[in-house]
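Below, each chain spelled out in residue letters.
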Amino acid sequence: MNPQEILARLGIGEWSPGACGAAWLDHPGGGELLSYNPSTGEPLARVAMASAEDYEQVAAAAQETFLRWRMHPAPKRGEVIRQIGLALREHKQDLGALVSLEMGKILAEGLGEVQEMIDMADFAVGLSRQLYGATMQSERPQHRMYEQWHPLGPVGVISSFNFPVAVWSWNAFIAAVCGDTVIWKPSSETPLCAIAVQRICRRVLEDNGWPGVFTLAIGRGSSVGERLLADPRVALISATGSCQMGYRVAEVVGRRLGRTILELGGNNGVIIEPDADLNLALRAVLFGAVGTAGQRCTTIRRIFLHRGIAAEFTDRLKHAYSQIRIGDPLDERTVMGPLANGAAVEDMLDGLRRAVEQGGEVICGGRRLERPGNFVEPALVRARADMPIVREEIFAPILYLIEYQDLEEAIRWHNDVPQGLSSAIFTRNLIAAETFLSARGSDCGIANVNIGTSGAEIGGAFGGEKETGGGREAGSDAWKAYMRRQTVTINWSSDLPLAQGIRFEI
Ligand code: UN1
């Protein structure tokens, strides 16, 4: 597949403006950003970033559109998202290929990401008729109490390079049916994916007379990011990225008592019990640890192997790792593409050095490949749960193998990290599975049995505990974070009885 052809079919030329409010800005003044192909190190295209003034224009459009969009009936907002779902189906191949080209994940995963957007659109359409509020029984005669949900305001979405299109849609499609508008600040590693999505959605929005519902501001943290966080018009910031970034978001948005949804670091563990189906566990660990080259926040970073199966499982895993085809993510035979950039390669090599210093043993992989692009071999490291590095999230394919004696110990070690996103156990023993799922089991936002930690469906609420940030996105009732709840009491009597039996008469 020719990169320039993929870009051209998505309407992206050699140069694109990176800011869009009610319309694309002609000449954003925030400097130039080059997007690189991580497989070759070659530049793909140039983007003009938004300046502080450009941000202002984008945010004003989102705010102005919100004032009208909030009064458009929710099922009609859903109809617009339905059409966006259709447009994404039409562009699935090209957009999936662009994700692979710019981010480096293999094509099957790039396409999967666009499918995740389509699923999200379908979910949001259904939701647009189901933004239910509860009714309560009033203690006062002829009084009615209920709660209703209103649109919140413009929502800022800060997305990460590793899911350059899907995670935006988790937020944007829900926000839109909830009556909010969206200001998107994508990762500077993947500006072209954001521009392509914005172009696809915009066409539909424009046809429906709602161009300002989704807006875009690609730019530096100092000019765009900080302004977005501090902007009192922006009711909610939903941010995906490192814990470091999350602290900053929480601090700045918290200072103005704005709302946040944070989806930050993961350090996901899998416990493999002695009675587990090892074929199943092996396939799940491979996908979870090597998929997206270890750059999902749900990537498996630690496996706890019961001593009864540790030797056998380790051998089988080493054998499987030696067969992983690393290379061009657009080649259908490839299983693992490059890392995002040179810094990620350095982080991985540095992490492996530190793991060895702390007593770990690299038993497979872990070298940089001598070729252009940011290619590495995925690494297996025999480790102990008390090695400090095991508590860190290194955004690369390093998998720690830790042996344990009994389930209680494995659960204790599993939970003994600052992050709490996703987790899994492989077992055919009901009691082991239920223990893992109980209140003294996994402390993560996601807990799976006989499935790896990554690859969640959109129907469930996605997010995690502890340093992962506590936010929830996508399915279930995650929509409630994008709306404001109003408790209503209506008195249809001609008396004024007070609650709690209070008498107040003069
Ligand atoms: C992320 O890495 O930020 O569960 C999101 C998964 C994907 C989403 C990952 N559906 O692995």
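Rules used throughout
Residues numbered from 1 in each chain as written. Predicted model: local features only at pLDDT ≥ 70, side-chain atom pairs only at ≥ 80, totals over all residues. Heavy atoms only, no water. Pairing = 2+ DSSP bridges. Helix = DSSP H or I, 4+ residues; strand = E, 2+ residues; numbered from the N terminus. Axes fitted to C-alpha atoms, helices over the stretch in contact; angles between N-to-C directions. Contact = heavy atoms within 4.5 Å. Parallel < 35°, antiparallel > 145°, perpendicular 65-115°, else oblique. Left-handed = near helix turned anticlockwise from the far one by under 90°. Polar contact = N/O pair within 3.5 Å; in protein donor to acceptor, adjacent residues only side chain to side chain. Salt bridge = Lys/Arg side-chain N within 4 Å of Asp/Glu carboxyl O. Buried < 20%, exposed > 50% of the residue type's maximum accessible area, 1.4 Å probe, protein only. Near = heavy atom within 4 Å. Areas by Shrake-Rupley, 256 points an atom, 1.4 Å probe, with all protein chains shown as cover. Nonpolar A, V, L, I, M, F, W, Y, C, P; charged D, E, K, R; others polar. Domains from an automatic or database assignment. Right-handed = clockwise from strand over helix to strand, strands pointing away. Buried area = accessible area lost by both parts, 1.4 Å probe.

### Quick look at the sheet that holds strand β19 (residues 446-449)
Here's step 1: The strand order β14-β15-β16-β13-β12-β18-β19 describes an open sheet built from seven strands, whose pairing is mixed. The outermost strands of the open sheet, each flanked by one partner alone, are β14 (361-364) and β19. On average, adjacent strands in this sheet sit at an angle of 25° to one another, irrespective of strand direction.
Here's step 2: Where β14 meets strand β15 (residues 379-382), three bridges bridge the pair, whose relative direction is antiparallel. Within β15, the residue paired with glutamate 361 across the bridge is arginine 382.
Here's step 3: In the packing of helix α13 (residues 407-415) onto the sheet, the strands contacted are β12 (268-272), β13 (300-306), β16 (398-404) and β18 (422-426), and the crossing angle to β16 comes to about 145°.

### Side note on the packing of α13 against helix α14 (residues 430-437)
Here's step 1: Between α13 and α14, the least distance of the axes is 11 Å, while the angle of their chain directions is 30°. Looking at the two axes, α13 sits roughly parallel to α14. Here the hand of the crossing between α13 and α14 comes out right-handed. Taking contact as the criterion, the partners of Leu407, Glu408 and Ile411 in α13 are, on α14, Ala432, Thr435 and Phe436.

### Thoughts on the side chain of glutamine 419
Here's step 1: Along the chain, glutamine 419 falls in strand β17 (residues 419-420).
Here's step 2: Of note is the side chain of glutamine 419, whose polar atom sits 3.0 Å from the backbone oxygen of arginine 391.
Here's step 3: Look past the residues within four positions of glutamine 419 in its chain and what remains in contact with it is Gly265, Gly266, Asn267, Arg391, Glu392, Glu393, Glu465, Lys466, Glu467 and Thr468.

### Points about the pattern of salt bridges
Here's step 1: Within the structure shown, the criterion is met by 28 salt bridges.
Here's step 2: Across the pair glutamate 361 and arginine 382 runs a salt bridge whose closest N-O atoms are separated by 3.5 Å. Pair noted here: glutamate 361 is in strand β14 and arginine 382 is in strand β15, with a separation of 21 residues, a long-range link.
Here's step 3: The class of glutamate 361 is partly exposed, set by a relative accessible area of 43%.
Here's step 4: Overlapping salt bridges bring together Glu226, Arg248, Glu251 and Arg255 as one network.

### Overview of the site of the ligand
Here's step 1: Taken together, the neighbourhood of the ligand is formed by Glu116, Asn162, Phe163, Trp170, Glu263, Arg296, Cys297, Thr298, Ser454, Gly455, Ala456 and Phe462.
Here's step 2: Measuring from an oxygen atom of the ligand, one finds a backbone N or O atom of cysteine 297 at 2.7 Å.
Here's step 3: Notes on the ligand: free accessible area 330 Å², of which the protein chains cover 99%.
Here's step 4: Split into classes, the residues belonging to the shell around the ligand amount to five nonpolar, four polar and three charged.
Here's step 5: When residues of the shell around the ligand are sorted by domain, at least three fall in each of domain 1 (3-264 + 469-486) and domain 2 (268-449).

### Notes on the pairing of strand β9 (residues 214-217)
Here's step 1: The two faces of β9 match: Phe214 and Leu216 on one face and Thr215 and Ala217 on the other face are all buried.
Here's step 2: Note: strand β2 (residues 19-20) against β9, two bridges, orientation antiparallel. By the bridge assignment for β9, cysteine 20 is matched with leucine 216.
Here's step 3: Where strand β8 (residues 182-185) meets β9, three bridges bridge the pair, whose relative direction is parallel. Looking at the pairing, tryptophan 184 lines up with leucine 216 of β9.
Here's step 4: In this view, the connection linking β8 to its parallel neighbour β9 by way of helix α7 (residues 191-207) has right-handed handedness.

### Quick notes on the domain arrangement of the chain
Here's step 1: When cut into domains, the chain gives domain 1 (3-264 + 469-486) and domain 2 (268-449).
Here's step 2: Facing 21 residues of domain 1, the contacting portion of domain 2 comprises 23 residues.
Here's step 3: Taken together, the two surfaces of domain 1 and domain 2 that pack against each other cover about 1,700 Å², and 59% of this comes from carbon and sulfur.
Here's step 4: If you sort the residues of domain 1 by the area they bury against domain 2, Ser39, Ile106 and Glu109 come out on top, with a joint share of 27%.
Here's step 5: Taken together, the links from domain 1 to domain 2 amount to one salt bridge.
Here's step 6: In this structure, arginine 296 engages glutamate 109 in a salt bridge whose closest nitrogen and oxygen atoms are separated by 3.0 Å.
Here's step 7: At the boundary of domain 1 and domain 2, one finds six residue pairs in polar contact (both at pLDDT 80 or more).

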